[in-house]
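Remarks on the overall topology
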Amino acid sequence: ADPRDAEARAHATYLEKLTCDWPSLAAYKKAMRDLDAELVKPRGGHAEAKALVLQPYVSLFYPVSPAARLAGAAAFARSRARPPSNSPAFDAATYRSSWERGRNLRVGFVSADFRDKATMYLSLQHFRLFRAHNLTTVAYSSMEGQGPWREAVRSSVDRFVDTRRLSSDELQRQIAADAIDVLVNMDGYSNSGFRDERIFASRLAPVTASWFVYAGTSGSSNIDYIITDRVTVPMDHAAWYSEKLIYLPVSAFPSSHGAHFPASFGQPQGPQAAALERQRHGLPAGAFVMASFNNLLKLDPELFTVWLKLLDRIPGSVLWLLRTPREAEDSLRWHAMRAGADLDRLVFSDFLPSPAEHFLRVRLADVVLDTTVYGAHTGAVDAVWAGVPLVTCAGPGCVGPGLPPSAGEGMAARVGASLLTAAGCPELIAADLDGYAALVERLAAEAAFAADVRRKLQTAGRAALGDAHRYVERFVRGLHLAFENWLAGNAPRHLWVAPASGSPPPTG
């Protein structure tokens, strides 16, 4: 790549990161610092063009500062999210005066993932419950798909609209005719190629919000709120987001695992059966298995070095990773060989399309290792529900020296911490990489500590993540707070949902 060409340099860096084909640690950190500076303080006379060198979704995987991510997202939003010239006009005064108090709130959900995707794996149970909590729901689906997941969503909502069959003008008119009160973005920039971003730019609903799929800021005035919690986005991080925040009282990350995997699902096997199951996945029967089921794009060289040191310090341990992508396996084996690691202690497995099969193999791990800049989300729910200790890191010491300390403090990094807090296991949240490694070593060395953590995950953890009714009740109250704030003529503001209906909300 031409070193004078910021865009080409950014693309080259992305390919290196995708395949774990990192340069030296010093060179990697310099590339990240340069990218951070490029986004925060674009040089030259082309500020917008410079800020567009890194798409917002991709920036979530990079150890750059949240300020850099916000600057990049804002530039991207200005370049892409323009309403069509013939967009239907939204008359706020008429809408307010005609509002019928007591009627169901009408909520539209925009997504490319109403199909066999992690989004539905996590939220399907919630869609099934919205009617019982007095929501009228419309699903605007921007991606093709067939099968039981899509049909389950279709049967759960009041209207299912396949937006691929509509022109942009027709879609605008459809949303206006549906008289949506709150329009929820379930794509963000993660599926920007499959949805019409102008839906939100047209401001066809009084309130807009982002919910759980895209773990970052839109950088746009077209999205009013992010639905989150105070662990995922602490109040003192609010300046990193263009949106105001709707705080749920516990983790805002949804889970339908209670419906998919009830207590009777896949009961623990005896030692002999478990050993055979481990053997089927290439795992030694008596090994201490450290697993990470994240896409390897989330990994960076400093954290991989920590993992290799853990292999060296913990006798009989193995590191179990997924081939996602497959090209990264060769790179990681090469890095491990250079570090002097025993390559036989690195085990790679293929992605399993069946959530049930994958969940069963998660239970074979002794610990799940979270990544730091973009952590486990669906995988974190899998680990907690399976009762497997998840070790995560949340704090300025989670990216190592030579990088912006806030790089590991974005919401994409903190979902694991949020879920562990909800599950009653904050002791598994480290503040820095040394503490992260020490937690893994303690789980390997202290059987009583590991057993206590597993017991809490299987009781308090399942209770916290498995109560979809409670989650939906709080989620709906959050939407009502935002809509009532708009009805009163107020600009969006931070909102706190009380733990129980009728109790005073927390503040701060």
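Please refer to the structure placed before this passage.
My aim in this report is to walk through the structure given alongside it, one point at a time. (Residues numbered from 1 in each chain as written. Predicted model: local features only at pLDDT ≥ 70, side-chain atom pairs only at ≥ 80, totals over all residues. Heavy atoms only, no water.)

Attention shifts here to the environment of Asn294. Checked against the element boundaries, Asn294 lands in the loop between strand E8 (288-292) and helix H13 (301-313). The spacing of Asn294 and Gly375 is 81 residues in sequence and 7.8 Å in space, taken between C-alpha atoms. At 2.9 Å, the side chain of Asn294 forms a polar contact with the side chain of Thr371. (Helix = DSSP H or I, 4+ residues; strand = E, 2+ residues; numbered from the N terminus. Polar contact = N/O pair within 3.5 Å; in protein donor to acceptor, adjacent residues only side chain to side chain.)

Turning next to the sheet that holds strand E11 (residues 367-369). Sheet architecture is open: six strands sit in the order E10-E9-E8-E11-E12-E13, paired in parallel fashion. Taken across any chain shown, the strands that pair with only one partner, and hence form the sheet edges, are strand E10 (346-349) and strand E13 (429-432). With direction set aside, neighbouring strand axes in the sheet form an average angle of 30°. The strands that H13 touches are E8, strand E9 (317-322), E10 and E11; relative to E9, the one it contacts most, it runs at about 145°. (Pairing = 2+ DSSP bridges. Axes fitted to C-alpha atoms, helices over the stretch in contact; angles between N-to-C directions. Contact = heavy atoms within 4.5 Å.)

Cis peptide bonds are those with omega within 30 degrees of zero, and the linkage from Thr324 to Pro325 qualifies with 5°. Its identity is not glycine, yet Cys20 carries a phi of approximately 55°, on the positive side. Residue placement: Cys20 occurs in the loop between helix H1 (6-18) and helix H2 (25-40). Overall, the relative accessible area of 0% leaves Cys20 in the buried class. For Ala179, which is not glycine, the phi dihedral falls at a positive 50°. Structurally, the position occupied by Ala179 is in the loop between helix H9 (168-178) and strand E4 (182-185). (Buried < 20%, exposed > 50% of the residue type's maximum accessible area, 1.4 Å probe, protein only.)

Remark: H13 packs on helix H18 (residues 433-445), axes separated minimally by 11 Å, with the N-to-C direction vectors making an angle of 35°. Remark: the crossing between H13 and H18 carries right-handed chirality. Every residue of H18 that contacts H13 at Glu302, Leu303, Val306, Trp307, Leu310 and Arg313 is listed here: Leu433, Tyr436, Ala437, Val440 and Glu441. Of the residues belonging to the contact of H13 with H18, the class tally is eight nonpolar, no polar and three charged. (Left-handed = near helix turned anticlockwise from the far one by under 90°. Nonpolar A, V, L, I, M, F, W, Y, C, P; charged D, E, K, R; others polar.)

Within the open sheet, the eight strands sit side by side as E3-E2-E1-E4-E5-E6-E7-E14. Their pairing is parallel. A strand with exactly one partner marks an edge of an open sheet, and here the two such strands are strand E3 (159-162) and strand E14 (495-496). When strand E2 (residues 135-141) meets E3, the two strands line up parallel, connected through four bridges. By the bridge assignment, Ala139 is partnered in E3 with Phe160.

With that settled, consider the pairing of E8. Burial within E8 is extensive, with five of its five residues counted as buried. With burial as the criterion, each face of E8 is covered, one bearing Phe288, Met290 and Ser292 and the other bearing Val289 and Ala291. In the sheet, E8 pairs with E9 via five bridges, with the strands oriented parallel. When the bridges of E9 are listed, Phe288 appears paired with Ser317. With respect to chirality, the unit in which E8 leads through H13 into the neighbouring parallel E9 is right-handed. Pairing between E8 and E11: two bridges, direction parallel. When the sheet's bridge partners are listed, Ala291 is paired in E11 with Val368. (Right-handed = clockwise from strand over helix to strand, strands pointing away.)

What follows covers helix H8 (residues 148-156). When we look at burial in H8, the residues that qualify are Trp149, Arg150, Ala152, Val153 and Ser156. Within H8, the buried residues cover an arc of 160° as seen down the axis, which keeps them to one side. Opposite the buried face of H8, at more than 90 degrees from it, the exposed residues are Pro148 and Ser155. (Arc of directions from axis to C-beta.)

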